[in-house]
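Listed here are the chains, written in short residue letters.
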Amino acid sequence: MTATLPAGPETVPTGPARGRAGTRAGALGRRARALYSFLGPSGTIAAAVLAAMLILAVGAGLFAPYDPNQASLLDAYQGPSMAHLLGTDAIGRDVLSRLIYGSRTSLLGPALVIACSTAVGVPLALIGAWYGGLVDAGAARILDLVYALPGLLLAVITAAMFGPGLTPAVVALSIAYVPFLSRVVRAAARQQRVSPYVDALTVQGFGPWRIGARHILRNIAPMVLGQSAVAFGYALLDLAGLSYLGLAVQAPTADWGVMVSDQDSMLRGHLLPVLVPGLLVVVCVMALTVLGARIAGERPERHPLWNRRGKRAGAE
Amino acid sequence: MLELNDLDVALRVGGRMRRVLSGLSLSVAAGEAVGLVGESGSGKSMTVRAVTRLLPEGAAVSGRIRFDGRDVAAMDAPALRRYRDRDVGMIFQDPRAHIDPTYRIGSFLTEALRVNRGVGPAAARRQATELLAAVGIDDPERRVRQYPHEVSGGMLQRVMIASVLAAEPRLILADEPTTALDVTIQAEVVAILDRLRRDRGIGMLFITHDLDLALAICDRVAVMYAGSIVEIRSARDLHRSACHPYTVGLLGSRPSIQARVDKLVAIPGRPVSAFEAPPDGCAFTDRCAHAEPDCLHGRPALEPFNDGLVRCRRVADLAVLAESRPESPAAPPSEPAAKSVVEPPAESPAEEGTQP
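Everything numeric here is computed off the predicted structure, so don't read it as measured data.

Reading the values: rules and limits
- Residues numbered from 1 in each chain as written.
- Chains lettered and ligands numbered in written order.
- Predicted model: local features only at pLDDT ≥ 70, side-chain atom pairs only at ≥ 80, totals over all residues.
- Heavy atoms only, no water.
- Helix = DSSP H or I, 4+ residues; strand = E, 2+ residues; numbered from the N terminus.
- Rg over C-alpha atoms; globule rule 2.2 N^0.38 Å.
- Buried < 20%, exposed > 50% of the residue type's maximum accessible area, 1.4 Å probe, protein only.
- Contact = heavy atoms within 4.5 Å.
- Pairing = 2+ DSSP bridges.
- Axes fitted to C-alpha atoms, helices over the stretch in contact; angles between N-to-C directions.
- pLDDT = per-residue confidence, 0-100.
- Disulfide = S-S within 2.5 Å.
- Core = buried A, V, L, I, M, F, W, Y, C linked by side-chain atoms within 4.5 Å.
- Patch = residues over 30% accessible without salt bridge, like charges linked within 9 Å, V, L, I, M, F, W, Y side chains within 5 Å.
- Areas by Shrake-Rupley, 256 points an atom, 1.4 Å probe, with all protein chains shown as cover.
- Salt bridge = Lys/Arg side-chain N within 4 Å of Asp/Glu carboxyl O.
- Polar contact = N/O pair within 3.5 Å; in protein donor to acceptor, adjacent residues only side chain to side chain.
- Nonpolar A, V, L, I, M, F, W, Y, C, P; charged D, E, K, R; others polar.

On to the overall build of chain B, then. Along the backbone of chain B there are 13 helices and 12 strands. A compact globule built from 356 residues should have a C-alpha radius of gyration of about 21 Å, and chain B, at 21 Å, falls within 12% of that. C-alpha atoms of chain B, sized along the principal axes, occupy 65 × 50 × 35 Å. Buried residues in chain B amount to 53% of all 356 residues. For chain B, restricting intrachain contacts to residue pairs at least 6 apart in sequence, the fraction spanning at least 24 positions comes to 65%.

Listed below in structure tokens is the structure:
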């Protein structure tokens, strides 16, 4: 960019400022290109879909044309029109607005589940992998026990004990997802544990906590993130299912799972209010799975997470 | 400074204990360079691993490892970390595998300083660039910002040497530091290591299968066979008057630049590990040209002979034999670049089993 500027005395004073702006834009472009070359076409589409969902969820108030709970019986079961792009449901609520607001609860729930189970599962896996022996075996058996219990069943039991609602469902699923993350992370950490660089760090006099947190975790981070993304998709599906069953998010609240459970419209042949949220769930889960696989696939030292220069490495 | 006394190490391989070191005794004085030479599976790497307490899980160790009189095996976790941090530094064979690939070279070099020594980030960084310059790396300012995969193997090995020097240890354990490098780079790296070590008065235990290299840079050389030392003497003497038949065989099987030969002399048979050696008698018997029936009974001791230590019962007879023989033209200690073909680069199964 700056190279095409005509070389002249007047460019000298503006040089530094322009140069800085130029390199900043250039760096941004490089980052974007590095990100694209890392994600690939399918990964980029998946990331874009998820980013769009996230923006819609955060700025729901800006994007939704109507209040999601504003009912108008006169406008019930309208087809798509300019006023209601995706039509209205049984009591005349705008389907698009409900979808946009619904993305909040639909994404927040699984996000909480994954945050909790990652926070518990990853340290557990690292400790087990480092110390091995009885510690590892004990943790592994307990996790196997939890793994044997289906998450949905656990959530149903919790709902039966504490009543339906988002919180008990999230807690139940958080517990159920710990082994899903922990088992994979443990296997990867175990591999790192016996790798030569860990020996070298040990001889340098570093303790297990530092090596585990600063080195092993960093080397398996792509895998952890990838696994978390995939688990996010599953948790999204599970929570939507629970909401559909009426065990998680409760009816008036806008939520994709709640919207799918609107059997009334189905029976009357109005498919749009039911199909579109179902489709969104499917699209989200697919995008998360694709992205997760992509994130987990790259070698750690070339990962854009750490190596900001991406694959340009050899060029210098 | 470092004293190994009658060290026995056995590793658990598939549920069975396999002996890799038997009755190894060795000492390294402050500032002294001792070479540990042997073929694959002779237990060289296990010796340094024992010294740093880096043996794989389930290893059984008996005998004494002392550093400055302190028993290394008895150290608790904080003492062990201090010992590893301050007293010993280790240079590994393959720098690419032994450096965390996700950090920049600068972070790798400064981490120990910052975390273990409490050096400030700026001071640590300055020290890192100085050390990179000291190991002969151009443009250290740029190198500290690079990742390990962005530089060559030779440069990375110099980075590792710099990281060991940064800790200012009193003893450097170098486990075949040049085996993974190109032959041309090897000489350079060894020369740098040798010079910096001497400048700083750091002791070194140098492990190699390259006898010429050990003779060139070490004060004393210990020759290992089947998990124990068969001969140890000063590099100059070993070269001129080796006493143990195995050492003589090794010296005889080196290629020479001066003399052209069609076929190198080889020691018959193959090297054995400690667990393959006969439980009774000299481990070298079945490959030894001078073996007698007596050699099969009772393990010979490492005994003083001609200003060195030799583990051979017939050493006195053999010396007489050698006297009567005309002196063979001894090649001068060659440059580090001259690589011996004593050992193929492949690792032995015994050593592989410990690093899955």
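The structure having been displayed, the exposition proceeds.
What follows is about the sheet that holds strand 6 (residues 88-91) of chain B. Residue and element names in this part refer to chain B. Spatially, 6-7-8-3-9-10-12-11 is the arrangement adopted by the 8 strands of the open sheet, whose pairing is mixed. Of all the strands in the sheet, the pair left with one neighbour each is strand 6 and strand 11 (303-305). Adjacent strand axes in the sheet meet at a mean angle of 25° when their direction is disregarded. Direction of pairing for strand 10 (residues 228-234) relative to strand 12 (residues 308-310): antiparallel, over a ladder of 2 bridges. Bridge pairing in strand 12 links isoleucine 232 to leucine 309. Packed on one face of the sheet, helix 1 (residues 44-51) meets strand 3 (33-37), strand 6, strand 7 (171-175), strand 8 (203-208) and strand 9 (220-225) and runs near 145° to strand 8.

Another point: the confidence of the model for chain B. Residues and elements named next belong to chain B. Within chain B, residue pLDDT values average 83, and 90% of them lie at 70 or more. Looking over chain B, one finds the lowest element-wise mean pLDDT in helix 13 (residues 349-352), namely 42, and the highest in strand 6, namely 94. What the predictor reports for the complex is a pTM of 0.79 with an ipTM of 0.82.

Right, let's get into the confidence of the model for chain A. When the pLDDT values of chain A are averaged, the result is 84; 87% of them are 70 or greater. For residues 1-19 of chain A, every residue scores under 50 in pLDDT, and the model assigns this stretch 6 contacts once sequence neighbours within four places are set aside.

With that out of the way, let us pick up unusual backbone geometry. Residue and element names in this part refer to chain B. Despite not being glycine, aspartate 139 has its phi angle at roughly 55°, a positive value. Summarising the element assignment, aspartate 139 is placed in the loop between helix 5 (121-134) and helix 6 (140-143). Backbone geometry places alanine 226, a non-glycine residue, at a positive phi of 50°. Along the polypeptide, alanine 226 turns up in the loop between strand 9 and strand 10.

A word on the state of the cysteines. As used in these notes, a disulfide is a covalent bond between sulfur atoms, one from each of two cysteines. Tallied over the entire structure, the rule returns 0 disulfides over all chains. Among the cysteines around Cys312(B), which has no disulfide bond, Cys288(B) carries the closest sulfur, lying 6.2 Å off.

A word on the environment of Gly151(A). Residue and element names in this part refer to chain A. On the secondary structure map, glycine 151 appears in helix 5 (residues 151-162). The spacing of glycine 151 and serine 174 is 23 residues in sequence and 8.6 Å in space, taken between C-alpha atoms. Ignoring sequence-local partners within four residues, the contact set of glycine 151 consists of Leu173 and Ala176.

Within soluble globular proteins, side chains that are nonpolar generally end up buried alongside one another. Counting residues in hydrophobic clusters, the biggest one holds 99 residues, and the most contacted among them are Leu2(B), Leu26(B), Val221(B) and Ile229(B). Per-element tally for this core: the top contributor is helix 7 (residues 153-166) of chain B, with 9 residues. Leu26(B) has contacts with Leu2(B), Glu3(B), Leu4(B), Val34(B), Leu36(B), Leu205(B), Ala222(B), Ile229(B) and Ile232(B), leaving out every residue within four places of it along the chain. Core analysis: the next-biggest nonpolar cluster, separate from the first, contains 40 residues, Val95(A), Val230(A), Ala231(A) and Met259(A) among them.

A cluster of nonpolar side chains, namely Leu149(A), Leu153(A), Ile157(A), Met161(A) and Phe162(A), defines an oily patch on the protein surface of about 520 Å² accessible area. With respect to the helices and strands, Ile157(A) occurs in helix 5.

Another aspect to go through is the interface of chain A and chain B. Contacts between the two partners involve 27 residues from chain A and, on the opposite side, 31 residues from chain B. At the boundary of chain A with chain B, the tally comes to 2 salt bridges. Linking chain A to chain B there are 10 residue pairs in polar contact (both at pLDDT 80 or more). Among the secondary structure elements, those contributing two or more residues to the side of chain A that touches chain B are helix 7 (196-203) and helix 8 (208-244) of chain A. Across the side of chain A that touches chain B, the residue classes tally to 10 nonpolar, 7 polar and 10 charged.

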